[in-house]
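Inside the fold
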Amino acid sequence: MTVSESTALMYELEGTVEENLNRHLAAAQEWMPHEFVPWSEGRNFADLGGEAWDPEQSRVTPIARTALEVNLLTEDNLPSYHREIERAFGRDGAWGTWVHRWTAEEGRHGICIRDYLLVTRAVDPVELERMRMETMQAGYETGDKPLLRVCAYVSFQELATRLSHRNTGRYTQDPLAEKLLTRVSTDENLHMVFYRNLVKAAFEIAPDATMRAITDEVLDFAMPGAVIPSFARKAALIAKAGIYDLRIHHDDVVQPLLRYWKVFDRTGFGEVGETAREELAAFLKTLDTQAARFEERRDAAAARAAARGLPAL
């Protein structure tokens, strides 16, 4: 899709953006980050006297700490994300209004998760700050992806982030953390719905280009937190714990959106769209196979650990 075609598409989608923005504002509920910080427990910094952090102070397991750190550090890179979606969507009209509303809501997520982690002493605050600095200095950039690829990517990414937050909250076995991350995941779901609906509308305007964009993003998908220090190791631990793994990605992120868009039921594609759809179908078979193999290896490792009287992780 050329620059002029992309600009024309933005104008055609303006009404859809405004309609979905209004839906989002109607569905979004006001909530305050401080409502999820346990100040009443007397564990704020004034009472700590500057003591060094000790793992015994954390109310969550090491795996839960890893997941919480990854979730927060992902949110921390917000300045880079804002730059990228503002580049793709612009500052004018409903597009610009959405960019800034989205940024404000995502900023709230980082505030409340960090406050929870620091006040409850769930993680090492010194190491967390070092990782924050390294992550934000690495930044995040999309490589000037065109509009449709950005819309497709954030549809998958917002749903993936929603599940990551929600599953992390459950895994902590801390009622407060679960309540907090449930609230955050609700925001992420509303964001996903906004982007999902834009892609649906784009199918009616430019079906071949939209199909191509979806296929490219499914094939190349990577979470924005990939720039986090030691991300591959942390992601592997999170996957082994069942918080976010290939099966969840295939079954609960990719497939629901493809069904919503009726990707495999649509007619009227040209050669570009049909080729993209065939590539997507082949890739999904591979992804499903990879997910099954990962589950088999994880189950086998858990069985071996149980036989030796050890925890699975």
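The sections below set out a description of the structure shown in this document. (Residues numbered from 1 in each chain as written. Predicted model: local features only at pLDDT ≥ 70, side-chain atom pairs only at ≥ 80, totals over all residues. Heavy atoms only, no water.)

So, about empty space enclosed by the protein. Here the structure, examined in full by the defined rule, presents 1 cavity of 30 Å³ or more. A volume near 230 Å³ is recorded for the largest cavity. Lining of the largest cavity is provided by 18 residues; of these, Tyr81, Trp102, Tyr153, Val154 and Gln157 occupy positions nearest its centre. Those elements giving two or more residues to the lining of the largest cavity turn out to be helix H3 (62-76), helix H4 (78-89), helix H5 (93-119) and helix H7 (147-172). A per-class count over the lining of the largest cavity returns 9 nonpolar, 4 polar and 5 charged. (1 Å grid on protein atoms, 1.4 Å probe; cavity = no way out; pocket = protein on both sides within 12 Å on 5 of 7 lines; lining within 4 Å. Points joined across faces, edges and corners; volume = space filled by probe spheres on them. Helix = DSSP H or I, 4+ residues; strand = E, 2+ residues; numbered from the N terminus. Nonpolar A, V, L, I, M, F, W, Y, C, P; charged D, E, K, R; others polar.)

Between two packed helices, both the angle of their axes relative to each other and the distance between the axes serve to describe the pair. Running from N to C, H3 and helix H6 (residues 125-138) point in directions that differ by 40°, and their axes come no closer than 9 Å. The angle between the axes of H3 and H6 places the two elements in the oblique class. In this structure, the crossing between H3 and H6 has a hand that is right-handed. Seen from H3, the contacting residues are Glu69, Leu72, Leu73 and Asp76; seen from H6, they are Leu128, Met131, Arg132, Thr135 and Met136. Split by residue class, the contact of H3 with H6 holds 5 nonpolar, 1 polar and 3 charged. (Axes fitted to C-alpha atoms, helices over the stretch in contact; angles between N-to-C directions. Parallel < 35°, antiparallel > 145°, perpendicular 65-115°, else oblique. Left-handed = near helix turned anticlockwise from the far one by under 90°. Contact = heavy atoms within 4.5 Å.)

Now for the nonpolar core. Within the largest apolar cluster, 80 residues are counted, with the highest numbers of intra-cluster contacts made by Phe89, Phe156, Ile214, Leu258 and Trp261. No other element matches helix H8 (residues 175-205), which puts 13 residues into this core. Once residues lying within four places of it in the same chain are set aside, the contact partners of Leu258 are Phe156, Ile214, Val263, Phe264, Leu280 and Leu284. (Core = buried A, V, L, I, M, F, W, Y, C linked by side-chain atoms within 4.5 Å. Buried < 20%, exposed > 50% of the residue type's maximum accessible area, 1.4 Å probe, protein only.)

In this section: the packing of aromatic side chains. If you walk through the whole model with that rule in mind, you get 9 aromatic pairs. Seen in terms of ring centroids, Tyr153 and Phe221 are 5.4 Å apart; in terms of plane orientation they differ by 35°. Their pairing is tilted. Here Phe221 lies in the loop between helix H9 (207-220) and helix H10 (231-240) and Tyr153 lies in helix H7, a separation of 68 residues in the sequence. As far as the burial class goes, Tyr153 and Phe221 line up, both buried. (Phe/Tyr/Trp six-rings, centres within 6.5 Å; stacked < 30°, edge-to-face > 60°.)

Relative to the 20 Å expected for 14 residues at 1.5 Å per residue, H6 spans 20 Å between its end C-alpha atoms, a close match to the ideal helical length. Residues of H6 that are buried: Leu128, Met131 and Thr135. All buried residues of H6 fall inside an arc of 65° around its axis, so they share one side. Residues of H6 that are exposed and point over 90 degrees away from its buried face: Arg130 and Gln137. (Expected span 1.5 Å × (residues − 1). Arc of directions from axis to C-beta.)

Even without being a glycine, Arg121 presents a positive backbone phi close to 55°. Tracing the sequence through the fold places Arg121 in the loop between H5 and H6. Not every positive phi belongs to a glycine, and Asp144 is a case in point at roughly 55°. Positionally, Asp144 belongs in the loop between H6 and H7. Residue Asp144 is classed as exposed on the basis of its relative accessible area of 58%.

Another point: the environment of Leu181. Mapped onto the fold, Leu181 is located in helix H8. The exposure class of Leu181 is buried, given its relative accessible area of 2%. With 127 residues separating them in the primary sequence, Leu181 and Asp54 have C-alpha atoms 24 Å apart. When neighbours within four sequence positions are excluded, Leu181 is seen to be in contact with Leu68, Ile113, His165, Thr168 and Gly169.

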